[in-house]
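Results of the structural survey
Residues per chain, in single letters:
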Amino acid sequence: MAALLQRDIGSRGAPLLCLSNVFKKYVNNGQELIALQDLSFSVFPREFVCILGPSGCGKTTLLRIIAGLEPDYQGMVTLEGEPIRGPGLERGIVFQEHRLLPWLTVNENLELVLHKSNNGDRREFIHSYVELVGLSGFEDAYPSQLSGGMAQRVAIARALINKPRLLLMDEPFGALDALTRLRMQQEILRIWTKEKTTILMVTHDIEEAVYLGDKIIVLSGRPATIKRIVEVNIPRERKRIEPQFLQVRQQLYNELMQE
Amino acid sequence: MATVLRGEHSENRLPAMLDTIGKKGLLPISFLLLWHWITTSGRVKQILLPSPENVFLALIETLSSGELVHHLETSLVRVMEGFALAAFLGIGLGMALGLSPLLNQMAEGVIQLLRPIPPIAWLPLAILWFGIEEGSKVFIITLGAFFPIFLNVLQGIKQTNENVVEVARVFKVPWPKFILKVIVPGSMPFVVAGLRIGLGYAWMCVVAAELSGGMSGIGYMLMDSRALARTDRVLAGMLAIGAVGKSMDYLLQWFERKIIRWRRFYNGI
C-alpha cells in the first residue's frame, strides 16, 4: 500500500487545473443518461496525471469539457483559478486520431495553428518543434506519407507549439502498435521533461498509466465516478518489471476488474 | 538475376501492348466494320448514313478548308467566356452559401425552382435579352455550367470533416486562415469535380444553342450541312464535338491531379 496514497490537495501550492463536482448528463430519446457524476480533482503544475478507466466510461467527455469543447455541463472547471469558457491556447490537445489536415505538410500543419506575432522566426520556431518530436527531415511530408506513430508525433508538436500550460491527451497512443506505443511513451516523458509542461492523459491501459503518471485518477464505469486517486511514487526512469511497478499495476488491475 | 528479370520484362512488353490495344480497340474496330458493311452493302442511303470513309473525307475537307477550325474556335470562345463566368459565380456563391447557413436558407427556394429548368429553355428569353448571336449563347452556357459547379462547391463545403473543424476551433485558427487552409483545400476535390461536369455541360449547351439559331459555331455548321444534305459533314462535325469535349475533360483531369497531390486516387479492383 505504500505506493498508493490518497493525495492531500494543496500541498504543492496552487493547482493548475481544478474540477469540482462536475456532472455531465445526456438526454437520449427523453431518457436522461448520466455520463460523469460528481468528479472533483486537481492537477498541479508540471504534474503528469493519467485518467484511467474502462472504455466508454466518459473519459473522452471529461477531456472535452476541460478542452472547452463541451460547454454543457454542471460543476466548476477552472484553469489557474479562471473558469473555462470554450477552447483556449493555454490548453493544447492531442486527439485519439492524429487529426492532421491531409492536404497540408507537416510544416504547414504546424504553421496553421501557430499563434505568434513576429513573423520573422516562425519557420525556425516550427522547425524546433519538428525537432522536438524527432521528425527532422519530414517537414515537407504529407500525413499520408507518415506512419501512425510519426503522425501522432506531429499532433503532439501541434499541441505544444503555442506553449500551452496544460497538455490534454485523449488515448493518444491507443491506435498504435504495441512497440510504437512503448517508444511513444518514452518520447512523451522526454518531451514532458524538456518542455516542463503539465500533462493530463486519458488512457485505458493500466501499464501506460503506471509508467507515465505521477498521479492516476481511477474512474469507474457508467456513470463515471472517481474510484480513487492513486499517487505513483516510483522514481523515474521506471522499469516495467521492478516489484514496485508490478505491485501498483496489480492493485489497479484488481480495482478495475472488480466491476 | 536482375538482368534476367529485365530481359523478361522487355519480352513481355510487346504482348502487353497488343493486349491493351486489343481490349480498347476491339469494340470501336468492330463498330467501324459494321458501319462500313451496312453503308456499302446498299441497304442504307448515303444521305441517311454515309460510310465511314466518306465521313473521314468530309473531316479532311472541312479541316483543310478551315471551316471546321473556324466554327470550333467560335464555339470554344463562347464556352470559355460562359464557363469562366459560371466558375466565378458558382465558386463564389457556393462558398458564400456553404459558409453561411442564413444565406443558404434564404436562397434555397429560388435555387430549387430554377435548377430543374433546362438551360436551353432559357433560349427564347436569352435571345430577347441578349440578341441571337454571342450574348444569348454565353448566357445559356453560363447557366448550364453554373449549377453543377455551384452545387458541387456547396456540397464540398458541407462535407468538410467535423474533426478537422474541431481542430481549427481548439487551436483558435483565425477565420481567414480557416477558410483558406481548411475549407478551400478540403472542398477542392468537389470543386474540381464540379468544374469538370460544368465544362461538359458548357460544351453541350453551346452546341444546343447554336443548333437553335445564329450563323456561326460548330452547332451552326451541323445545321447548315444538314440543310445542304451533307450528312457526311454532319457526322464529321459530331466527331469533332466529341473530340474537343474529351480533350477539355483531359485538361481538367490533368489539372485535378496537379493541384490535389495529397489525395490518393482509387484505381479500381
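Because the structure is predicted, anything quoted here is derived from the model rather than measured.

Rules used throughout
Residues numbered from 1 in each chain as written. Chains lettered and ligands numbered in written order. Predicted model: local features only at pLDDT ≥ 70, side-chain atom pairs only at ≥ 80, totals over all residues. Heavy atoms only, no water. 1 Å grid on protein atoms, 1.4 Å probe; cavity = no way out; pocket = protein on both sides within 12 Å on 5 of 7 lines; lining within 4 Å. Points joined across faces, edges and corners; volume = space filled by probe spheres on them. Nonpolar A, V, L, I, M, F, W, Y, C, P; charged D, E, K, R; others polar. Phe/Tyr/Trp six-rings, centres within 6.5 Å; stacked < 30°, edge-to-face > 60°. Helix = DSSP H or I, 4+ residues; strand = E, 2+ residues; numbered from the N terminus. Buried < 20%, exposed > 50% of the residue type's maximum accessible area, 1.4 Å probe, protein only. Patch = residues over 30% accessible without salt bridge, like charges linked within 9 Å, V, L, I, M, F, W, Y side chains within 5 Å. Areas by Shrake-Rupley, 256 points an atom, 1.4 Å probe, with all protein chains shown as cover. Salt bridge = Lys/Arg side-chain N within 4 Å of Asp/Glu carboxyl O. Lys, Arg positive; Asp, Glu negative; His and termini not counted. Charge placed at Lys NZ, Arg CZ, Asp CG, Glu CD. Expected span 1.5 Å × (residues − 1). Contact = heavy atoms within 4.5 Å. Buried area = accessible area lost by both parts, 1.4 Å probe. Polar contact = N/O pair within 3.5 Å; in protein donor to acceptor, adjacent residues only side chain to side chain. Pairing = 2+ DSSP bridges. Axes fitted to C-alpha atoms, helices over the stretch in contact; angles between N-to-C directions. Left-handed = near helix turned anticlockwise from the far one by under 90°.

1. Here we look at empty space enclosed by the protein
Residues and elements named next belong to chain A. Under the definition given, this model contains one cavity of 30 Å³ or more. Estimates place the volume of the largest cavity at around 40 Å³. Looking at the largest cavity, the residues that line it are Glu171, Gly174, Arg181, Thr203, His204, Asp205 and Glu208. Across the lining of the largest cavity, the residue classes tally to no nonpolar, three polar and four charged.

2. A look at the packing of aromatic side chains
The final tally for this structure, using the stated rule, is nine aromatic pairs over all chains. Judged by centre distance (5.4 Å) and plane angle (75 degrees), the ring pair of A:Phe48 and A:Trp192 falls under edge-to-face. In this pair, A:Phe48 sits in strand β3 (residues 48–52) while A:Trp192 sits in helix α5 (residues 178–195), placing the two residues 144 residues apart along the sequence. Of the two residues, A:Phe48 and A:Trp192, neither departs from the other in class, the shared state being buried. Summarising the aromatic geometry, the rings of B:Trp129 and B:Phe139 are spaced 6.2 Å apart at their centres and angled 75 degrees between planes, so their arrangement reads as edge-to-face. In this pair, B:Trp129 is assigned in helix α5 (residues 123–130) and B:Phe139 in helix α6 (residues 134–158), connecting sequence segments ten residues apart. Of the aromatic side chains, those joined through ring pairs into one cluster are B:Trp122, B:Trp129, B:Phe130 and B:Phe139.

3. A few points about a positive patch on the surface
All names here are of chain A. On the surface, a cluster of positive charge is made up of Arg46, Lys163, Lys194 and Lys196. Counting through the fold element by element, Lys196 comes out in the loop between α5 and β8 (198–203). We classify Lys196 as exposed; its relative accessible area is 53%.

4. Regarding α5(A)
Residue and element names in this part refer to chain A. For α5, built from 18 residues, the straight-helix expectation of 26 Å at 1.5 Å per residue is met to within 8% by its first-to-last C-alpha distance of 25 Å. Among all positions of α5, only Thr180, Arg181, Met184, Gln185, Glu187, Ile188, Leu189, Ile191 and Trp192 are buried. The elements touched by buried residues of α5 are β3, α3 (122–132), α4 (148–160), β7 (166–170), β8 and α6 (206–212). Of the residues flanking the end of α5, it is Lys196, one or two places downstream, whose phi is positive at about 50 degrees.

5. Structural notes on the interface of chain A and chain B
The interface of chain A with chain B comprises 25 residues on the first partner and 18 residues on the second. Counting each side, the surface lost to burial between chain A and chain B is near 2100 Å², with a carbon and sulfur contribution of 64%. On the chain A side of the interface with chain B, the three residues burying the most area are A:Arg99, A:Trp103 and A:Leu112, jointly 31% of the side's total. Here chain A and chain B share four salt bridges between them. The closest approach of N and O atoms between A:Arg64 and B:Glu166, which form a salt bridge, is 2.8 Å. The interface formed by chain A and chain B contains ten residue pairs in polar contact (both at pLDDT 80 or more). For the side of chain A that touches chain B, the secondary-structure elements that each account for two or more residues are α2 (106–113) and α4 of chain A. If one sorts the elements of the side of chain A that touches chain B by residue count, α2(A) sits on top with three residues.

6. Some remarks on the sheet that holds strand β6 (residues 91–94) of chain A
All names here are of chain A. Taken in spatial order, the six strands make up an open sheet running β6-β7-β8-β3-β9-β10, and their pairing is mixed. Because the sheet does not close on itself, it has two edges, and the strands there are β6 and β10 (226–231). Taking each pair of neighbouring strands and ignoring which way they run, the sheet shows an average axis angle of 15 degrees. Contacting β3, β7 and β8, α5 runs over the sheet at an angle of about 140 degrees to β3.

7. Observations regarding the packing of helix α4 (residues 101–114) of chain B against α6(B)
Residues and elements named next belong to chain B. Where α4 meets α6, the closest approach of the two axes is 13 Å, and the angle between their N-to-C directions is 145 degrees. Both α4 and α6 take part in a crossing whose hand is left-handed. Contacts from Asn104, Ile111 and Leu114 in α4 reach Phe147, Phe150, Leu154 and Lys158 in α6. Here the contact of α4 with α6 is composed, by residue class, of five nonpolar, one polar and one charged.

8. Section: the sheet that holds strand β2 (residues 31–43) of chain A
All names here are of chain A. On the basis of which strands lie adjacent, the open sheet formed by four strands has the order β2-β1-β4-β5 and antiparallel pairing. The sheet is open, and its two borders are formed by β2 and β5 (82–83), each paired with just one other strand. Along the sheet face, helix α1 (residues 59–67) touches β1 (17–28), β2 and β4 (74–79) and points at about 120 degrees away from the line of β1.

9. Things to note about the pattern of salt bridges
Using the criterion set out here, one finds 30 salt bridges over all chains in the structure. Among the salt bridges present, the one from A:Glu111 reaches B:Lys177, with a minimum N-O distance of 3.8 Å. Of this pair, A:Glu111 sits in helix α2 while B:Lys177 sits in helix α8 (residues 175–211), on two different chains. A relative accessible area of 23% places A:Glu111 in the partly exposed class. B:Lys177 gets classed as buried once you look at its relative accessible area, which sits at 18%. Measuring nitrogen to oxygen at the nearest pair gives 2.9 Å for the salt bridge that ties A:Arg153 to A:Glu187.

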